[in-house]
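Architecture at a glance
Chain by chain, the residues:
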Amino acid sequence: MTPEQLLSEADRCVKCGFCLPECPTYRVLANEADSPRGRISLMQALAKGELDPGARLETHLDRCLGCRACESACPSGVRYAALLDAGRALIAERRRGKPLLHWLLAQLTNPERLGRWSRVFHIFRRTGLPALANTVPSARLNRLFQLGRQLKQGASVKPGLYPATLPTSKQVRLFTGCVGHQTEPHLIQTSLTLLNKLGYAVEIPEAPICCGALHRHNGYSDEAERYCEANRRQTGKSRAQALITLASACHLELHEHRASRIPVINLIDFLLGLPLNEFPLLKPYTGRVAIHVPCSSQGDCSRELLQRIPLAEIVELADNSVCCGAAGSYMLSQPGLSITFGSAKIEHLKTCPADILVTGNTGCAMQFRQLIEEAGLKTRVMHPVELIHQQWNED
Ligand code: SF4
Ligand code: SF4
């Protein structure tokens, strides 16, 4: 989006304020500059050259979760998320700041590099030094160490073509993403096994490519575009009928930016689209399952899927329309606010205890795992698909 396009889109905002009560940061900070309307005004002033990019302006944009709750509430149909990406890109272009954030994104979005950091981190952990890191007066560093504990040791699923357990001409490709490789290898393995057992041959990419969402939402739209183009090239060579996504944020990015030459389908929707006679027979589960709906999961169908588990009590976490505070790199860049939003979710979980909490997004899963552990709760965090696989009755 050019500054002119930004201004034209922002002009659709009539400053009615209907979005304000829906905005989590406005509700917590009670500051117009931390509301959608306020941020749109700041971006307009920036694009017109009336305001220079500077720490104060950036702070208000940085505090935005990018959750899009304002978009759903807006009667004028303002495309706030696109405005925010454009505003941040304008700042990145004019200010060329945040080299540390840029470096961090480069580590997070490259599965090989992140794998190396994971090995280094686990060696470091064994020295006992992370306990000292907690005494460092940097909330960002502390959060990095807390979340780093979720990096798994050992390699994720190897690339290649995994044949179905039955002879078949059906083939899909799994979008394994970047961070999920190191934090949720179990989810990738489970999805692969599930699809193979359902009669699908599965391609695991040779060189997994990030979807570009983390870069785009931090103002590095050129790099995000390069990721999208690389994904288009990769999928253009694929013989699969569909690209199956596991994390809703990656799905949204690939879908909105047409970053695949083959249809992109979320695994939850894919399973729901199977003819009933092909859907696995499920064992009963006699516990309570709470559903968290990620902001990026538009029209989330987890409930529809999980209701197929006999006897399971499926409940939605209260305030599901409010962001959990994970919001991609927000967990690291705004640790205080991120924990405030996440802790509100944990309070809801305490009032309606569940054995399992399901969420269909990698970042949200990381946020919940850390805060649930810190709260001393026993709730397991799973992807809806992992629960379906767990309950598959193969007798
Ligand atoms: S609801 Fe839409 S038009 Fe109204 S202030 Fe918010 S963004 Fe602007
Ligand atoms: S994206 Fe979310 S946090 Fe940002 S302005 Fe909109 S409602 Fe507020």
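Calculation criteria
Per chain, residues are indexed from 1 in the order of the written sequence. Chain letters start at A and ligand numbers start at 1, both assigned in the order the entries are written. Owing to the predicted nature of the model, reporting of local features is limited to residues with pLDDT of at least 70; listing and counting of side-chain atom pairs is limited to 80 or more, with chain, interface and lining totals taken over all residues. All residues are tested the same way: a C-beta atom is placed from the backbone, and lying within 6 Å of a molecule or strand makes the residue near it. Going along the chain from the N terminus, every DSSP run of H or I of four or more residues is numbered as a helix, and every run of E of two or more is numbered as a strand. Each residue receives one of three labels: charged for Asp, Glu, Lys and Arg, nonpolar for Ala, Val, Leu, Ile, Met, Phe, Trp, Tyr, Cys and Pro, and polar for the others, Gly being one of them. Two strands make a pair as long as DSSP finds a minimum of two bridges between them. Fitted lines through C-alpha atoms give the axes, limited to the stretch in contact for helices. The angle between two N-to-C directions lies from 0 to 180 degrees. The contact criterion used is a C-beta to C-beta distance within 7 Å, with each C-beta placed from the backbone.

The subject of this paragraph is the site of ligand 1. What surrounds ligand 1 is a group of 15 residues, the closest being Cys13, Cys16, Cys19, Arg37 and Cys74. Sorting the residues of the shell around ligand 1 by element identifies helix H3 (36–48) and helix H5 (69–73) as the ones contributing at least two each. The dominant element in the shell around ligand 1, judged by the number of residues it contributes, is H3, at 3 residues. Per-class residue counts for the shell around ligand 1 are 11 nonpolar, 2 polar and 2 charged.

Strand order across the open sheet formed by 4 strands is E7-E6-E8-E9, with parallel pairing between neighbours. Strands at the two margins of the open sheet, each flanked by one partner only, are strand E7 (313–316) and strand E9 (380–382). Between one strand axis and the next, the sheet turns through 30° on average, direction left out of account. Across 4 bridges, the pairing between strand E6 (residues 288–291) and E7 is parallel. Among the inter-strand pairings, arginine 288 is bridged to a residue of E7, identified as glutamate 313.

Once that is clear, we can look at the sheet that holds strand E1 (residues 160–162). Pairing is mixed across the open sheet formed by 5 strands, whose spatial order is E1-E3-E2-E4-E5. One side of each edge strand has no neighbouring strand; the edge strands of this open sheet are E1 and strand E5 (264–266). Each strand axis lies, on average, 30° off the axis of its neighbour in the sheet, ignoring direction. With 3 bridges joining them, E1 and strand E3 (residues 201–204) adopt antiparallel strand pairing. Counterpart to leucine 161 in the pairing with E3 is glutamate 203. Each of strand E2 (171–175), strand E4 (242–245) and E5 touches helix H15 (residues 248–256); the most contacted strand, E5, lies at about 160° to it.

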